Amino acid sequence: MKPKVLNSAKKAIYSQLKQLASEMRRKPTKAEFILWEQLRGKQLGVKFRRQHTIDKFIVDYYCVERNLVIEVDGCIHQEQEDKDKNRELVLIELGCSILRFSNEEIFLDMKNVLNRIRKILLGMNSEVTL
């Protein structure tokens, strides 16, 4: 059975989100680019989408098979903690699991970042080949 893809933005805002997501894919932050190089092409055994729309949000990375969202947090996220928490609540209500990494973690400790992602993926389904 094919997994359900969360792409449920309301029609009124979907075209705007889709356009913004496309721009964000063309101009990723340095940390997003570095992480994407490790996630792309099923390198961790599952496919990730980048800048994927879910509800009224654009998530950095989304694995359809595992309903896993990965977010990369730059310094702006320190200023919008309440907004991020509300966003997380909506995503969790939709059945998503969420992993957050700071830019610094990606720049300084990619090995640990990838190990945490692998650990979550293995816990979600033992069929993942890493």
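Each residue is numbered by its place in its chain's sequence as written, counting from 1. Restriction of local features to residues with pLDDT of at least 70 applies here, the model being predicted, together with a cutoff of 80 or more for giving and counting side-chain atom pairs; totals for whole chains, interfaces and linings are based on all residues. Heavy atoms throughout the structure, all of them, feed into the side-chain values; hydrogens and water do not.

Runs of H or I in DSSP of at least four residues are treated as helices and runs of E of at least two as strands, each being numbered from the N terminus. On a plain count of helices and strands, the protein comes out with 6 helices and 4 strands. Put simply, the protein runs from its N terminus to its C terminus through helices and strands in the order α-α-β-β-β-α-α-β-α-α. For the exposure calls, accessible area comes from a 1.4 Å probe over protein chains only, and a residue counts as buried if that area is under 20% of its type's maximum, exposed if over 50%, partly exposed in between. Per-residue burial over the protein gives 38% buried out of 130 residues. Accessible surface area values rest on a Shrake-Rupley calculation with a 1.4 Å probe, where residue burial reflects the displayed protein chains alone. Counting every atom, the protein has about 8200 Å² of accessible surface; 51% of that belongs to carbon and sulfur.

Next up on the list: unusual backbone geometry. Phi angles above zero are rare outside glycine, and Lys42 is one such case at about 55°. Following the sequence through the fold, Lys42 ends up in the loop between helix H2 (30-39) and strand E1 (49-54).

So, about the confidence of the model for the protein. How sure the predictor is of each residue is captured by pLDDT, a score from 0 to 100. Averaged over every residue, the pLDDT of the protein is 85; the share at 70 or more is 84%. Looking over the protein, one finds the lowest element-wise mean pLDDT in helix H3 (residues 76-79), namely 55, and the highest in H2, namely 97. Every residue pair with non-hydrogen atoms within 4.5 Å of one another is taken to be in contact. In the predicted structure, residues 126-130 sits below a pLDDT of 50 and forms 12 contacts with residues beyond four places in sequence or in another chain.

Here the rule is simple: two strands pair whenever DSSP picks up at least two bridges between them. One open sheet accounts for 4 strands, arranged E1-E2-E3-E4; its pairing is mixed. Edge positions in the sheet fall to E1 and strand E4 (97-102), since each of these pairs with one other strand and no more. The average angle at which neighbouring strand axes cross in this sheet is 45°, direction not considered. With 5 bridges joining them, E1 and strand E2 (residues 57-63) adopt antiparallel strand pairing. Residue pairing across strands places Thr53 opposite Ile58, the latter belonging to E2. For every element, the axis is a line fit to its C-alpha atoms; helices are fit only across the contacting stretch, and the angle between N-to-C directions ranges from 0 to 180 degrees.

Quick look at the environment of Leu121 now. With respect to the helices and strands, the residue Leu121 is situated in helix H6 (residues 110-124). Taking the C-alpha atoms as reference points, Leu121 and Cys63, separated by 58 residues in sequence, lie 9.7 Å from one another.

When you line up the elements, Asn103 lands in helix H5 (residues 103-108). Contact partners of Asn103, with chain neighbours within four places excluded, come to Ala31, Val72, Asp73 and Gly74.

The span expected for a helix works out to 1.5 Å for each residue beyond the first. For H6, spanning 15 residues, the distance from its first C-alpha to its last is 21 Å, which sits close to the expected 21 Å at 1.5 Å a residue. Among the residues making up H6, those that are buried are Met110, Val113, Leu114, Ile117 and Leu121. Along the axis of H6, the buried residues cluster in a sector spanning 90°; they form a single face. Residues of H6 that are exposed and point over 90 degrees away from its buried face: Lys111, Lys119 and Gly123. Each element contacted by the buried residues of H6 is listed here: H2, strand E3 (68-73), E4 and H5. The directions considered for the arc run from the helix axis to the C-beta atoms.

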